[in-house]
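# Notes for the structure review
The primary structure of each chain is shown beneath.
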Amino acid sequence: MNKQGLIKIKPYLLVLPALALAFLFCYRPFFLTVINSLSNVSLGGKRTAFVGFDNYGRLFSNASFQDSLSNTLRFTLFFVPTNIAVCLGAALLCNRKGKLASLNQVFMFLPMAVAMSSSMMMFKMMFNPSIGIMNHLLNSDIQWFSDPKAAMFLLVMAGVWLDIGFDFLLLSSALRNVPKELLEVSNLEGANPWQTFTALQLPLIGPTLLFILVNNVKDAMLISAPVLILTEGGPFRSTQTLVYQMYLEGFKSGNYALGSTIATVVFALTFIIMLLLLSLERKRVYYQ
Amino acid sequence: MKKLSIVLCLIALLAVPSLFAQAKGEVQDQKITTITWWHSNSGLLGKAADAMVSEFNTGIGKELNIQVESVYQGKSSDVLTKTKAIFQSGSNSELPDLVQLDASGVLDIRDNQYLISMEDLAKKDAYDLNQILEAAKLSVTYKDSMIAMPFNSSTILLYYNKTALEEAGISTPPRTLDELAETALKLKKTDEKGKTIRYGFANVPTTYELIVWLGHQNGVTYITDQENGHTGIPTKVLFAENGTMETFLTKWKKLYATGSLENLTSDVNGAFASGRVAMMVGSTSNLTTVHQMIGDRFEMGVAAFPMVDEQANGGVNVGGGALYALDNGSNNSDKAWEFVKFATSKEQQLAWHIATGYFPVNRDTYTMDEFNTHLEANPLYGVAIRQLQASNPKLQGLWIPSAYQVYYAFQTGILKMLVEDKTPKETTVSLEKEINGYLEDFLRMNQ
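Residues numbered from 1 in each chain as written. Chains lettered and ligands numbered in written order. Predicted model: local features only at pLDDT ≥ 70, side-chain atom pairs only at ≥ 80, totals over all residues. Heavy atoms only, no water.

### Overview of the overall build of chain B
A count of helices and strands for chain B gives 20 helices and 15 strands. Taking 2.2 N^0.38 as the reference for a compact globule, 447 residues should give roughly 22 Å; the C-alpha atoms of chain B span a radius of gyration of 25 Å, in line with that estimate. Within chain B, contacts between residues separated by at least 24 positions form 77% of all contacts whose residues are at least 6 apart in sequence. (Helix = DSSP H or I, 4+ residues; strand = E, 2+ residues; numbered from the N terminus. Rg over C-alpha atoms; globule rule 2.2 N^0.38 Å. Contact = heavy atoms within 4.5 Å.)

### With respect to the overall build of chain A
The secondary structure content of chain A amounts to 13 helices and two strands. Oriented by its inertia axes, the alpha-carbon framework of chain A measures out at about 75 × 75 × 35 Å. Within the span of chain A, comprising 288 residues, buried residues form 42% of the whole. Contacts in chain A between residues far apart in sequence, at least 24 positions, make up 67% of those at least 6 positions apart. Carbon and sulfur atoms make up 70% of the accessible area of chain A, which amounts to about 16,000 Å² in all. Within chain A, one finds 21 positive and 13 negative side-chain charges whose respective centroids are separated by 11 Å. (Buried < 20%, exposed > 50% of the residue type's maximum accessible area, 1.4 Å probe, protein only. Areas by Shrake-Rupley, 256 points an atom, 1.4 Å probe, with all protein chains shown as cover. Lys, Arg positive; Asp, Glu negative; His and termini not counted. Charge placed at Lys NZ, Arg CZ, Asp CG, Glu CD.)

### Observations regarding the domain arrangement of chain A
Residues and elements named next belong to chain A. Parsing chain A into structural domains produces domain 1 (3–37) and domain 2 (62–284). One C-alpha centre belongs to domain 1, the other to domain 2; they are set 32 Å apart. Contacts between the two partners involve five residues from domain 1, matched on the other side by six residues from domain 2. A combined buried area of about 420 Å² lies between domain 1 and domain 2, and 71% of that area is made up of carbon and sulfur atoms. The interface formed by domain 1 and domain 2 holds zero salt bridges in total. Across the contact surface, domain 1 and domain 2 share zero residue pairs in polar contact (both at pLDDT 80 or more). Taken together, the residues that form the side of domain 1 that touches domain 2 break down as two nonpolar, three polar and no charged. (Domains from an automatic or database assignment. Buried area = accessible area lost by both parts, 1.4 Å probe. Salt bridge = Lys/Arg side-chain N within 4 Å of Asp/Glu carboxyl O. Polar contact = N/O pair within 3.5 Å; in protein donor to acceptor, adjacent residues only side chain to side chain. Nonpolar A, V, L, I, M, F, W, Y, C, P; charged D, E, K, R; others polar.)

### A few points about the pattern of salt bridges
In the structure shown here, the tally under the stated rule is 25 salt bridges over all chains. With its nearest N and O atoms 3.9 Å apart, the salt bridge here joins A:Glu232 to A:Lys124. With A:Glu232 in the loop between helix 11 (225–231) and helix 12 (242–252) and A:Lys124 in helix 5 (residues 116–126), the pair connects residues that are 108 residues apart, well separated along the chain. Beyond isolated ion pairs, a larger network of salt bridges with shared partners links A:Asp54, A:Arg58, B:Glu440, B:Asp441 and B:Arg444.

### Regarding the interface of chain B and chain A
Quite often, the size of an interface is put as the accessible area lost when its parts meet. With 38 residues of chain B at the contact, the number on the chain A side is 36 residues. Interface area lost by chain B to chain A is led by B:Tyr408, B:Arg444 and B:Met445, which between them contribute 20%. For the pair chain B and chain A, the interface holds six salt bridges. Note that B:Glu434 is salt-bridged to A:Arg237, the shortest N-O span being 2.9 Å. Between the two partners, chain B and chain A, sit 19 residue pairs in polar contact (both at pLDDT 80 or more). If you list the elements that add at least two residues to the side of chain B that touches chain A, you get helix 4 (76–89), helix 13 (268–273), helix 19 (403–419) and helix 20 (424–445) of chain B. At eight residues, the largest contribution of residues to the side of chain B that touches chain A is made by helix 20 of chain B. Here the residues of the side of chain B that touches chain A are counted per class, giving 12 nonpolar, 14 polar and 12 charged.

### Some thoughts on unusual backbone geometry
Even without being a glycine, A:Glu232 presents a positive backbone phi close to 50 degrees. The phi dihedral of B:Asn228 is positive, around 60 degrees, even though this residue is not glycine. If you trace the backbone, B:Asn228 turns up in helix 11 (residues 225–229).

### Notes on the pairing of strand 8 (residues 156–161) of chain B
Residues and elements named next belong to chain B. Of all the six residues making up strand 8, six are buried; the element is thus mostly covered by neighbouring parts of the structure. Of the two faces of strand 8, both are covered, the one formed by Ile156, Leu158 and Tyr160 as well as the one formed by Leu157, Tyr159 and Asn161. The sheet contact formed by strand 8 and strand 13 (residues 279–283) spans five bridges and is antiparallel. Across the sheet, residue leucine 158 finds its bridge partner in strand 13, namely valine 281. In the sheet, strand 8 pairs with strand 14 (residues 300–304) via five bridges, with the strands oriented antiparallel. When the bridges of strand 14 are listed, asparagine 161 appears paired with methionine 300. (Pairing = 2+ DSSP bridges.)

### Brief notes about empty space enclosed by the protein
Scanning all chains against the criterion turns up two cavities of 30 Å³ or more. Empty space within the largest cavity amounts to approximately 90 Å³. As for the largest cavity, its lining consists of 13 residues, of which A:Lys252, B:Asp108, B:Ile400, B:Pro401 and B:Ser402 are closest to the centre. The set of elements that each furnish at least two residues to the lining of the largest cavity consists of helix 5 (106–109) and helix 19 of chain B. Each of domain 1 (33–153 + 320–367) and domain 2 (156–316 + 394–445) of chain B contributes no fewer than three residues to the lining of the largest cavity. The space that makes up the second largest cavity amounts to roughly 30 Å³. Every residue lining the second largest cavity is listed: A:Asn255, A:Leu258, B:Asp441 and B:Met445. Of the residues in the lining of the second largest cavity, the class split is two nonpolar, one polar and one charged. (1 Å grid on protein atoms, 1.4 Å probe; cavity = no way out; pocket = protein on both sides within 12 Å on 5 of 7 lines; lining within 4 Å. Points joined across faces, edges and corners; volume = space filled by probe spheres on them.)

Structure representation (structure tokens):
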């Protein structure tokens, strides 16, 4: 092979391992999932017959699926605004000079250092209605795991806690990148903090905010692990999300076809929401 | 170019040792056979299981050159999920020699090619299976063969706050759901603001309770056809056509109407032990744990599981779990059998019973002096045993596909009836439709 040819091939060679991994762990399973969702699949995982959109029809009339769909959308609706408000608020408050400010930043960042499963186990302990510390501190007897509203609230809180480290980090570095001169000018011109925030900081951190928004929506639509550990979908399916139901059907019950159908539906739904958000980007977000 | 070839060399170097890593770990002392046992015993149960394993390893296991390695794999449902994952991957060498599973796993495992029937192992050893309790044996019998060894067997019981009952002037615990409603109302306590500070009873019925509440009506009835799935894969539910569900739901709604029932789905033990709930139903295996949780806050009593009505004379079923032997290609099933034999021997079942509250599955335990001395000192344990002895052994647990969905279908359906004020009839019809849908799906996929 001559040198010219090698140079031409080299980029493809370099990209090959990544492509092979992506094919093996992303694209192939994805296509298999779609095919499974259009077939009958036995307990042993063998496709036995092609049934078209039969599984989708059955899924949409399934009471459990209707609960999961509404729970997932409700969770997304509660979680995304709460999370962004909390993280942005924290980032703004920590965005100042001083020794204590950096200490605060460390604290806000700490949740990232705790593994998801262990932190969820701790949540479970803390919110135990009879021996947990939360009810003791609040002097209440809220049945965190038996009351559907409380369980959903708890799940949203857990979600925010899990995401705060990463989102805080992004937002706080975005806020620091707002040019000092502009802030000084706005200060000189007599702008109050609210005006500075809405007219100056917000547009400049727009791209980061959009990224966080997209990421949060994705996290919320796909939430399953905290559900699995914290509430197990209960009480009364009030926290059973789409991906958790997919886990129940696919892994616990061996209904692979139904599990695959749910996976495909979740993918399509999330994909559509992402596209809508990205169209927002074109209209509303300005890059420096 | 040079850089690239260096990188490639490095990758090759790094990749090669991983090949060796796979072969490692299989080199072991030839003489001692290690048996792996996956279980789900945590807390007090975990301690008791560890004690049993170490007694085996230092005693009979040492003589026979068998060492048991017990691995806690999480809750019973987690053990099942992990075992099933290996079945599906087809790499049966990863399977443990023994696995402890509850009834929700039977359907997934009973026809599996890697399951070694316990009855076959017993026959090979000329072991007399008659020493195992009839009801316990039937609880793991499929197609006339005992596929597993009952190990942690339990029944469902009524737990009550004896102190609270005495304060309310009630001398005997409720026998039927009607009496339960009356008693619960008397036990309910509210503060000045009208807020309930003590509920009479807490429960949301799911598969576990309904097997009995539906099953013990009119002698014995089953939730599904195929005798609750024990003779084949169930194809439809029976509770609507035989009327058992409606009878039960009518009683349940009456109980809820008293305002003394709390729809509690989790931490019921905690609520009971703290005194916030005066009565609950639970497994006999919780006896020791709940007793410890209560401490000296109040005196606890247990009684037979309340009957739906006076005609509900079927008793209770044997729940809990059993040991399954699996074929992982190591040909150790005879050695695994030694441990199974040990774990269900009369002495070990006695120790297990005392430590946990599970009842002994070995008949011979019941005639031991130590057993009867323990029973006299701890009369609560006797209630479960007498209840089981009075039960119809044909009343059996439910082996059903989509067990989790069925569980939540019951829970959600019954709650809806209570809070949305639906009639028992409507609820029965919608439950029948939903669960039959799961059964149809399963048959459609696995025809």
